[in-house]
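Here's the letter readout for the chains.
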Amino acid sequence: MLQDITIGQYYPADSPIHALDPRTKLKAVFFFIFCLFWVNNIYGFIFAGVFLSSVVLSSKVPVGYVVKGLKPVLFVVSLTMLMSILTIPGDEAFRIFVFKGTWQGLRQAGIMAARIFMLISSASMLTLATSTIDLTDGLEALFLKIPLLKRFAHDMSMMMCIALRFIPTLVDETDRIMKAQMSRGADFQSGSFAQRAKSFIPILVPLFVSAFQRAYELAMAMESRCYTGGEGRTRMKLLEYTKLDYTANVVMVIVFCSMVASGVLVNR
Amino acid sequence: MMIQVRGVRYKYDSDSDSYAVDGIDLDLAQGEFVGIVGHNGSGKSTFAKMLNGLILPTEGSVNVLGMDTKDEKSLIQIRRNIGMVFQNPDNQIVATIVEEDVAFGVENLGIEQTKIRGIVDSALTSVGMYSSRLKKPHQLSGGQKQRVAIAGVLAMNPRCIILDESTAMLDPNGRAEVITTALRLNKEEGVTVVLITHYMEELVNADRIIAMENGKIAFDLPPAKAFSDSGRLRSLRLGVPEIVQIASILRENGIPIRENTLDVEGLVEDICQLK
Ligand SMILES: Nc1ncnc2c1ncn2[C@@H]1O[C@H](COP(=O)(O)OP(=O)(O)O)[C@@H](O)[C@H]1O
Ligand SMILES: [Mg+2]
C-alpha cells in the first residue's frame, strides 16, 4: 500500500525529454499551465492535447504512469463536472427527474476536466522525466533569477532535496511502525472512519518523534561537514543549455502561441 | 600535537550540576589510531562532538592544529580537518545521489567547480564505492552507506576522522567494510582515526584505547595492556575480545601465549611455535 506513493517518481529513460535542461522543462510546464487557462475552445485543447501526447510519447515513459497520476483527482473532477452540468443555466440538453443538464454546463464541465487533466499530466510528466536532483537544481537556478525569491532560492532547494531524500526512508519507517503495531493487535482496516483515523495516531506519534531525531542528527552531520548555507557554496554540476533546449524553446513558443491565439481569435 | 584537550567539562543543562564530560585532558598526535570505549551515556559522543566544535566546552579548551574551537572564525577550518562519521547511516546522507552527497562538503568549502569532480571521484575510489556513485542512498547496504559517509568526509581532505559508533548499526560484513576502510586510511594515508565503538575486537590494531566512565577517562592504554586486566574491563562494563579471552585461558593452563597476542593470526603463530 505504501509503495503507491509517487511524489518525485522518476522514470529513468534515454529520451530527448529526459535530456532537456530542467530549467527548460520547468519553464515549459509553467507556461503550458498558464496557457491552459487561456484556452476555452476545442481548437486550443487540440493543440494542447497533441503537444502533450507527443511529449509523453517521445519521453518513453509508459502512458500508464502518466494516467495513474490522474487517479487521485478523478473523484473531485467528476463531482465538479456534475455540479457545473446541473447548475449552469442555459439551454436544456437532457433532463433526469427534476435535474436539468444544459449545453453550456456540459461545455464548461468539459473544459474544466480537460484543463485539470492536462495540468496534472504535464506536472507528472515533469517529475517522471526529471531526476529529483535536476529538479531542485533547476528550481534553484530559476528562483535565483526572480528578485523577490532570490533570497530563498538556496534554502528552498536544499529543503526540497532533503525532503526528497528522506521520503523513501520515512516510508520504510512507517511501514515498520505499522507492522510493529499490527503485531500487537492494532487494526487499521476495519471500523468506522473515525476509528480508523484514530488508529493512525500510534503510527504518527513514533513517526514524528523519529523524524525530529533524524532532523537533529542530520543538522549535526551537515554542520560538521562545514555547511553554512548557500553563500560561498560552489556546485559540482553546472546546468548548461544545449542545442536540444533551444529547439525545445522554439517548439514551445509555436505551440503556446497557437494555444493562446486560438483562445483569442476563434469566435466563441 | 594535532589535538590538545585541556581540562574540558561539559553539561547539557546549565541548571543541573551533572557533567556529561567531566574533566578530560588528552593529546592526539597526527597519524594515531585511537579507540574510545565506554558504556552508553559515559560521554563518548559528547566528547567527540567537542573535537570539531559541534559542542563548545563549558570549561576548559579544545585546540585543533593551533586553533581554539571557541574561535568562531576557525570553525570551518577545524571541521574540514576533523571529519566526523555518525552512528545512523541514514541520518547523515544529505543528497539523493551518492556522488552528490560526497560532493556536499567540498561544495560547502567553496572549492572551484572544475576541481570538485576529481576530488569526489578519488574519495569514492578510496572507499571502494566508485562503481555505486550514481546510486540512490536507499539502494545501498548499511556498510556501503557508511563508506559513502566516510568518502564525504575524505573529500574535504581531513587530518583526522572520528567514527562515532559508526559500526553499531551494521551487520558483521558492514562492520568489517568500515573498519577495513578506516584502517587503510590510517596506515596508508596517515589520517588520524578516532574510533568510538562497543566492539573491542575492532580495536586490536589501535595505538591506544581510551576508556570513558561518567565523563572521565578511566584508562588510556595500548590494547595489549588494556585487555590484560579483565577485572577492570568488567567493572567498566566492557567486554574482552574473544581471542584475548582464549589466549588468557590457554595461558592459565600453562600454554605460553605472548602477552600482546590479540588476533587470530597471532594466536595461530604462538600455537604453532609450541610442539
Ligand atoms: N542532547 C542531549 N541533551 C541532554 N543530555 C544529553 C544529550 N545527549 C547526551 N546527553 C547526556 O549526556 C550523557 C553522555 O551522553 P553521550 O555523550 O551520548 O554518551 P555515549 O556516547 O558515551 O553513549 C548522558 O548522560 C546523556 O543522557
Ligand atoms: Mg554515543
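Residues numbered from 1 in each chain as written. Chains lettered and ligands numbered in written order. Predicted model: local features only at pLDDT ≥ 70, side-chain atom pairs only at ≥ 80, totals over all residues. Heavy atoms only, no water.

## Points about the packing of helix 5 (residues 71-87) of chain A against helix 6 (residues 103-129) of chain A
Residues and elements named next belong to chain A. Formally: Inter-axis angles, ranging from 0 to 180 degrees, are taken between N-to-C directions of lines fitted to C-alpha atoms, where helices are fitted over the stretch in contact. Think of it this way: any DSSP run of H or I at least four residues long counts as a helix, any run of E at least two long counts as a strand, and we number them from the N terminus. Here the angle decides the label: under 35 degrees means roughly parallel, over 145 means roughly antiparallel, 65 to 115 means roughly perpendicular, and every other value means oblique. It is the rotation of the near helix from the far one that decides the hand of a crossing: anticlockwise by less than a right angle makes it left-handed, clockwise makes it right-handed. Contacts between residues were defined by any pair of non-hydrogen atoms, one from each residue, lying within 4.5 Å. Put simply, Ala, Val, Leu, Ile, Met, Phe, Trp, Tyr, Cys and Pro go in the nonpolar bin, Asp, Glu, Lys and Arg in the charged bin, and everything else, Gly too, in the polar bin.
Closest axis-to-axis distance for the helix 5/helix 6 pair is 8 Å, and the angle between their directions is 160°. Taken together, helix 5 and helix 6 sit at an angle that is classed as roughly antiparallel. The two elements helix 5 and helix 6 cross, and the hand of that crossing is right-handed. Listed contacts from helix 6 to Val73, Leu74, Val77, Thr80, Met81, Ser84 and Ile85 of helix 5 are Gly105, Leu106, Ala109, Met112, Ala113, Ile116, Phe117 and Ile120. Of the residues that constitute the contact of helix 5 with helix 6, the class distribution is 12 nonpolar, 3 polar and no charged.

## Quick word on the confidence of the model for chain B
What counts, and what does not: For every residue, the predictor assigns a confidence score, pLDDT, that lies between 0 and 100.
In the predicted model, chain B carries a mean pLDDT of 92, and 100% of its residues have values of at least 70. The complex model carries a pTM of 0.82, and its ipTM stands at 0.89.

## A few points about helix 6 (residues 172-189) of chain B
All names here are of chain B. Test applied: Each residue after the first adds 1.5 Å to the expected span of a helix. In this scheme, a residue with accessible area under 20% of its type's maximum is buried, one over 50% is exposed, and one in between is partly exposed, where area comes from a 1.4 Å probe on protein chains only.
Compared with the 26 Å implied by 1.5 Å per residue over 18 residues, the 25 Å span of helix 6 between its first and last C-alpha is a close match. Those residues of helix 6 that sit buried are Gly174, Arg175, Val178, Ile179, Thr181, Ala182, Leu183, Leu185 and Asn186. Here the buried face of helix 6 lies against strand 3 (33-37), helix 4 (113-126), helix 5 (142-154), strand 7 (160-164) and strand 8 (192-196). With its phi angle positive at about 65°, Gly190 sits one or two positions after the end of helix 6.

## Brief notes about the side chain of B:Thr46
Residue and element names in this part refer to chain B. Here is the rule: What qualifies as a polar contact is a pair of N or O atoms within 3.5 Å, subject to a donor-acceptor requirement within protein and to the restriction that residues adjacent in sequence count only when both atoms come from side chains.
As for its placement among the helices and strands, Thr46 is situated in helix 1 (residues 44-51). At 3.0 Å, the side chain of Thr46 forms a polar contact with the side chain of Tyr12. Filtering out sequence-adjacent residues up to four positions away, Thr46 remains in contact with Tyr10, Tyr12, Ala20, Val21 and Ile55.

## Looking at the interface of chain B and chain A
Under the convention used in this document: The term buried area denotes the loss of accessible surface (1.4 Å probe radius) that occurs when two parts are joined, taken as the sum for both partners. Here a salt bridge means any side-chain nitrogen of Lys or Arg lying within 4 Å of a carboxyl oxygen belonging to Asp or Glu.
Across the boundary between the two partners, chain B contributes 38 residues, which contact 29 residues of chain A. Carbon and sulfur atoms supply 56% of the area that chain B and chain A bury against each other, a total of about 3200 Å² over both sides. Summed over the shared surface of chain B and chain A, the number is 7 salt bridges. Measuring nitrogen to oxygen at the nearest pair gives 2.8 Å for the salt bridge that ties B:Glu107 to A:Arg233. Here chain B and chain A share 17 residue pairs in polar contact (both at pLDDT 80 or more) between them. When contributions to the side of chain B that touches chain A are tallied by element, the ones reaching two or more residues are helix 2 (75-81), helix 3 (98-108) and helix 4 of chain B. The greatest single-element share of the side of chain B that touches chain A, amounting to 10 residues, is contributed by helix 3 of chain B. Split into classes, the residues belonging to the side of chain B that touches chain A amount to 18 nonpolar, 11 polar and 9 charged.

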